[in-house]
Amino acid sequence: MSGPDSPVYAGVDIGGTTTQVVLCDAELKVLDRADTATPARSGGRAMIAAVLDALAVVRARTPGRLAAVGVGAAGVVDSASGHILVASDSFTDWAGFPVTAALRAALGVPVFLDNDVNAFLRGEIACGAATGEADVLGMTLGTGVGGALWTGGELRAGAHGAAGEIGHIPGFGDLPCTCGGRGHLETLASARSLRARYGERTGRELTAREVAEAAREGDADAHAVYAAAGAGVARAITMTAGLVDIDTVVIGGGVSGSWTLLEPLIQGPLAAEPPISGHPVKLLRATLGADAVPLGAAARARHEPAAGEGGPGPAR
Ligand SMILES: [Zn+2]
């Protein structure tokens, strides 16, 4: 039970269509939640106002002293300054927006910002499928393919916050990618790509989930499309294991909903090209669902409240 003085943490997921706010205790147990439409076309101030409104709703219902806030947001973010660096074109006046400064000014508590895939991985390691693991690749197979890297028990952000972005390096065929590149894993393994690849083979327009159902019912084209996705994911895992010796992979996103189809299509190629370490990589399906991003953001806020008081803390 949390009392009026017990510390509570807010985790926020600002997505392209929905903003989700979760209030949790110091053990990351969810106490309350609220979600609201993201006013993505109305600019950063409106999006922060939507976060504050949803947070006010849960705080009014749930006792506890708000100790810190963590935010996961789509796009490229500067975790140290708390700014959005690059946003997709579905957002207006969002790139460059000082997210943590705006929330800190309104709430008077430390606020931390992460890319949403980094927050997803923090969540799955804090209290999900990969709890306690030290060397993990996180992948989200959703509308696009996201990646995040955790090594030696810490998030590895890299020089530009883009470490682990396995969805957008070449070597996975020659198809054009949404990012402007070619041959990226995203052209094989995102929901959008699964439906596009199936459409090219058959002329039929199915969702990624419907393609998975067709594959299970013996549709050879549908199976081939998922097999190419699985082989691509396996290749990405093998490359990452060779570079930074991860021993665990956690996969989330909508496409992972077809896990019973997808898992053997990843495991097969993975076994055929084992990591040079000689140790097989453990393949896990994410377990937190839509809570992974807000709980991961809250986990970071819980982890380093003191650092946020005087400015940006170390990126972990
Ligand atoms: Zn790409």
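You'll find the structure just up there.
Cut-off values and rules
Residues numbered from 1 in each chain as written. Predicted model: local features only at pLDDT ≥ 70, side-chain atom pairs only at ≥ 80, totals over all residues. Heavy atoms only, no water. Helix = DSSP H or I, 4+ residues; strand = E, 2+ residues; numbered from the N terminus. Buried < 20%, exposed > 50% of the residue type's maximum accessible area, 1.4 Å probe, protein only. Expected span 1.5 Å × (residues − 1). Arc of directions from axis to C-beta. Contact = heavy atoms within 4.5 Å. Patch = residues over 30% accessible without salt bridge, like charges linked within 9 Å, V, L, I, M, F, W, Y side chains within 5 Å. Areas by Shrake-Rupley, 256 points an atom, 1.4 Å probe, with all protein chains shown as cover. Salt bridge = Lys/Arg side-chain N within 4 Å of Asp/Glu carboxyl O.

1. Considerations on unusual backbone geometry
Most of the time, phi is negative for any residue but glycine, and the peptide bond is trans. Unlike most non-glycine residues, Leu 28 shows phi in positive territory, near 65°. Locating Leu 28 in the fold gives a position in the loop between strand 2 (18–24) and strand 3 (30–37). Its identity is not glycine, yet Asp 93 carries a phi of approximately 50°, on the positive side. Locating Asp 93 in the fold gives a position in the loop between strand 6 (83–86) and helix 2 (99–107). A relative accessible area of 60% means that Asp 93 is categorised as exposed.

2. Describing helix 5 (residues 191–202)
With twelve residues, helix 5 extends 17 Å between its outermost C-alpha atoms, agreeing within 8% with the 16 Å of an ideal straight helix rising 1.5 Å per residue. Looking only at helix 5, the buried set comprises Ser 193, Leu 194, Arg 197 and Tyr 198. For helix 5, the buried positions fall inside an angular range of 130° around the axis, keeping them on one side. Tucked into the core, helix 5 has its buried residues touching helix 4 (186–189), helix 6 (208–216) and helix 7 (220–244). Two residues or fewer after helix 5 comes Gly 203, characterised by a positive phi angle close to 75°.

3. Focus: a nonpolar patch on the surface
A surface patch of nonpolar side chains, about 230 Å² in accessible area, is lined by Val 76, Leu 85 and Val 86. Structurally, Val 86 can be placed in strand 6. What makes Val 86 partly exposed here is its relative accessible area of 48%.

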